[in-house]
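Here's the letter readout for the chains.
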Amino acid sequence: MATRREPRFKLSRHLGVNVCGHPKAMKRVDTKKPARGGQKVSQYALQLMEKQKIKAYYGILERQFARYFKIAKKSTEMTGVALLKNLECRLDNLVYRIGFARSIRQARQMVSHGHILLNGVKVDIPSCNVKVNDVISLKEKSRTNETFQNNFQGLASFSVPYLEKDKNQFSAKLIREPMREELPIEVNEILAVELYSK
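Residues numbered from 1 in each chain as written. Predicted model: local features only at pLDDT ≥ 70, side-chain atom pairs only at ≥ 80, totals over all residues. Heavy atoms only, no water.

## A look at the overall build of the protein
Of regular secondary structure, the protein possesses 8 helices and 5 strands. Listed N to C, the secondary structure of the protein is α-α-α-α-α-α-β-β-β-α-β-β-α in terms of helices and strands. The long-range share in the protein, meaning contacts at least 24 apart out of those at least 6 apart in sequence, stands at 59%. Accessible area for the protein stands at about 11200 Å²; split by element, carbon and sulfur atoms hold 52% of it. (Helix = DSSP H or I, 4+ residues; strand = E, 2+ residues; numbered from the N terminus. Contact = heavy atoms within 4.5 Å. Areas by Shrake-Rupley, 256 points an atom, 1.4 Å probe, with all protein chains shown as cover.)

## Thoughts on the packing of helix α2 (residues 43–58) against helix α8 (residues 189–196)
Where α2 meets α8, the axes come as close as 8 Å, and the angle between the chain directions of the two elements is 110°. By the criterion of interaxial angle, the relationship of α2 to α8 is roughly perpendicular. Like other packed secondary-structure pairs, α2 and α8 cross with a definite hand, here left-handed. Residues Gln43, Tyr44, Leu46, Gln47, Leu48, Glu50, Lys51 and Ile54 of α2 pack against Glu189, Leu191, Ala192, Glu194, Leu195 and Tyr196 of α8. For the contact of α2 with α8, the class distribution of residues is 8 nonpolar, 2 polar and 4 charged. (Axes fitted to C-alpha atoms, helices over the stretch in contact; angles between N-to-C directions. Parallel < 35°, antiparallel > 145°, perpendicular 65-115°, else oblique. Left-handed = near helix turned anticlockwise from the far one by under 90°. Nonpolar A, V, L, I, M, F, W, Y, C, P; charged D, E, K, R; others polar.)

## What to know about the nonpolar core
Counting 45 residues, the largest nonpolar core has Ile54, Tyr58, Val95, Phe100, Ile116 and Ile136 as its most contacted members. Not counting residues within four places of it along the chain, the set of residues in contact with Ile136 comprises Leu91, Leu94, Val95, Ile98, Phe100, Ile116, Leu117, Leu118, Val130, Phe170, Ser171 and Ala172. (Core = buried A, V, L, I, M, F, W, Y, C linked by side-chain atoms within 4.5 Å. Buried < 20%, exposed > 50% of the residue type's maximum accessible area, 1.4 Å probe, protein only.)

## Examining the packing of aromatic side chains
A ring pair, where both rings are aromatic, is described by two values, the distance of the centres and the angle of the planes. Within the structure shown, the criterion is met by 4 aromatic pairs. Pairing Phe100 with Phe152 gives two aromatic rings, centres 4.9 Å apart and planes at 35°, and the pair type is tilted. Placement of Phe100 in the loop between α5 (91–98) and α6 (104–112) and of Phe152 in helix α7 (residues 146–154) is noted, with a sequence separation of 52 residues between them. Given a relative accessible area of 0%, Phe100 falls into the buried group. The structure contains a cluster of three or more aromatic residues connected by ring pairs, namely Phe65, Phe69 and Tyr196. Over the ring of Tyr68 we find Arg67, and its NZ or CZ is 4.9 Å from the ring centre. (Phe/Tyr/Trp six-rings, centres within 6.5 Å; stacked < 30°, edge-to-face > 60°. Lys NZ or Arg CZ within 6 Å of the ring centre and 35° of its normal.)

## Topic: the side chain of Arg143
Looking at where Arg143 falls in the secondary structure, it is placed in the loop between β3 (135–138) and α7. A distance of 3.2 Å separates a polar atom in the side chain of Arg143 from the backbone oxygen of Gln169. Excluding residues that lie within four positions of it along the chain, Arg143 makes contacts with Ser137, Leu138, Gln149, Gln169 and Phe170. (Polar contact = N/O pair within 3.5 Å; in protein donor to acceptor, adjacent residues only side chain to side chain.)

## Comments concerning α5
Along an α-helix, a turn takes 3.6 residues, which lines up residues three or four apart on a common side. Of all the 8 residues making up α5, 8 are buried; the element is thus mostly covered by neighbouring parts of the structure. Within α5 the residues assigned to the buried category are Leu91, Asp92, Asn93, Leu94, Val95, Tyr96, Arg97 and Ile98. Where α5 ends, the next residue or the one after it, Gly99, has phi of about 110°, a positive value.

## Quick word on the pairing of β3
The pairing of strand β1 (residues 116–118) with β3 spans 3 bridges and is classified as antiparallel. The residue of β3 that forms the bridge with Leu118 is Ile136. Here β3 runs beside strand β5 (residues 171–174); their pairing, made up of 3 bridges, is antiparallel. Bridged to Ile136 within β5 is Ala172. (Pairing = 2+ DSSP bridges.)

Written out as structure tokens, the structure is:
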């Protein structure tokens, strides 16, 4: 299974946004590189940067991004919005949004290792698409894991309006499709779409 393995903090600083969700990701300033202030940036460079942000936020590679883009193009919604909605409803991403994991990488590993149930059934495919009214829960044996407990009970900042959490049952339900303005990411998806539409 292909995964992104580059340094997360370095990637966040390069893209200018905290794509890994770690509070210290943007603290260190890279003084070795000259500031880009005043340097003219091409339209292509801006489009490429936005595409890279999306890939980094959701922990996907180029081939996966291309596949999601093709699906989004067939949607009745705007391509960029449909693309982000599809990515947001990936199982590994929702495990991260619920607060079972502290990063998208940890969430992906939890799914791959069989800690997550979807509607009561074990699913070990991180890219699995979650539909409205689906319930994501932590496996019974995994609920005693101190790391998972601390993550789920302590990550109150992960509240998003399209997920309904049940802390007693270690679960959450996707109550509706997310709206673009509710997605906790800083990206201009229109530029990424323009790049792929050439």
